Amino acid sequence: MIEVVCNEHLGKKVHVTCNIDDTTGDLKKLITAQTGTHWNKIGLKKWYTIFKDQVSPGDYEIHDG
């Protein structure tokens, strides 16, 4: 299990706990439960890399924290 910290565009931080082998689409659905934004309106990116829904966070080298 890893804890991912996401910053919302309004400045709110969201802490989400997920498995390392979950897909990015699953991670978006967990973020939806806390923010209320529809899951396909959420765009996850790190610097200039936009994450695809079918790939797991472990493949993008996202670790705990």
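Values in this document were obtained by computation on a predicted structure and should not be read as measured data.

Here the focus is the overall build of the chain. Across its full length, the chain holds 1 helix and 4 strands. The secondary structure elements of the chain, listed N-terminal to C-terminal, are β-β-α-β-β. Over its C-alpha trace the chain gives a radius of gyration of 11 Å, about what one expects of a compact globule, namely 11 Å for 65 residues. Principal-axis analysis of the C-alpha atoms places the extent of the chain at approximately 25 × 20 × 20 Å. When burial is assessed residue by residue, the chain has 28% of its 65 residues classed as buried. Considering only intrachain contacts with a sequence separation of at least 6, the fraction spanning at least 24 residues in the chain is 38%. For the chain, the exposed surface amounts to about 4,800 Å²; the carbon and sulfur share of it is 51%. Placing the 8 positive and 9 negative side-chain charges of the chain at their respective mean positions leaves the two points 10 Å apart.

Now for the packing of aromatic side chains. Per the counting criterion, the structure on display carries 0 aromatic pairs. Stacked on the ring of W39, the Lys or Arg K29 has its end atom at 4.9 Å from the ring centre.

Take the pattern of salt bridges next. Within the structure shown, the criterion is met by 1 salt bridge. Residues K28 and D53 are paired through a salt bridge, measuring 2.8 Å at the closest nitrogen-oxygen approach. Taken as a pair, K28 in helix α1 (residues 24-35) and D53 in the segment after β4 (49-50) lie far apart in primary sequence, 25 residues in all. Residue K28 is classed as buried on the basis of its relative accessible area, which comes to 7%.

On to the pairing of strand β1 (residues 2-7), then. Of the two faces of β1, the one holding I2, V4 and C6 is buried and the one holding E3, V5 and N7 is not buried anywhere. Between β1 and the antiparallel strand that follows it, strand β2 (residues 13-18), lie 5 residues; G11 among them carries a positive phi value of about 100 degrees.

Right, let's get into the nonpolar core. By size, the foremost hydrophobic cluster in this structure holds 12 residues: I2, V4, C6, V14, V16, C18, L27, I31, I42, L44, F51 and I62. Sorting the residues of this core by element identifies β1, β2 and α1 as the ones contributing at least two each. If near-sequence neighbours (up to four positions away) are discounted, V16 is found in contact with I2, E3, V4, L27, L30, I31 and Q34.

Thresholds, definitions, all that
Residues numbered from 1 in each chain as written. Predicted model: local features only at pLDDT ≥ 70, side-chain atom pairs only at ≥ 80, totals over all residues. Heavy atoms only, no water. Helix = DSSP H or I, 4+ residues; strand = E, 2+ residues; numbered from the N terminus. Rg over C-alpha atoms; globule rule 2.2 N^0.38 Å. Buried < 20%, exposed > 50% of the residue type's maximum accessible area, 1.4 Å probe, protein only. Contact = heavy atoms within 4.5 Å. Areas by Shrake-Rupley, 256 points an atom, 1.4 Å probe, with all protein chains shown as cover. Lys, Arg positive; Asp, Glu negative; His and termini not counted. Charge placed at Lys NZ, Arg CZ, Asp CG, Glu CD. Phe/Tyr/Trp six-rings, centres within 6.5 Å; stacked < 30°, edge-to-face > 60°. Lys NZ or Arg CZ within 6 Å of the ring centre and 35° of its normal. Salt bridge = Lys/Arg side-chain N within 4 Å of Asp/Glu carboxyl O. Pairing = 2+ DSSP bridges. Core = buried A, V, L, I, M, F, W, Y, C linked by side-chain atoms within 4.5 Å.

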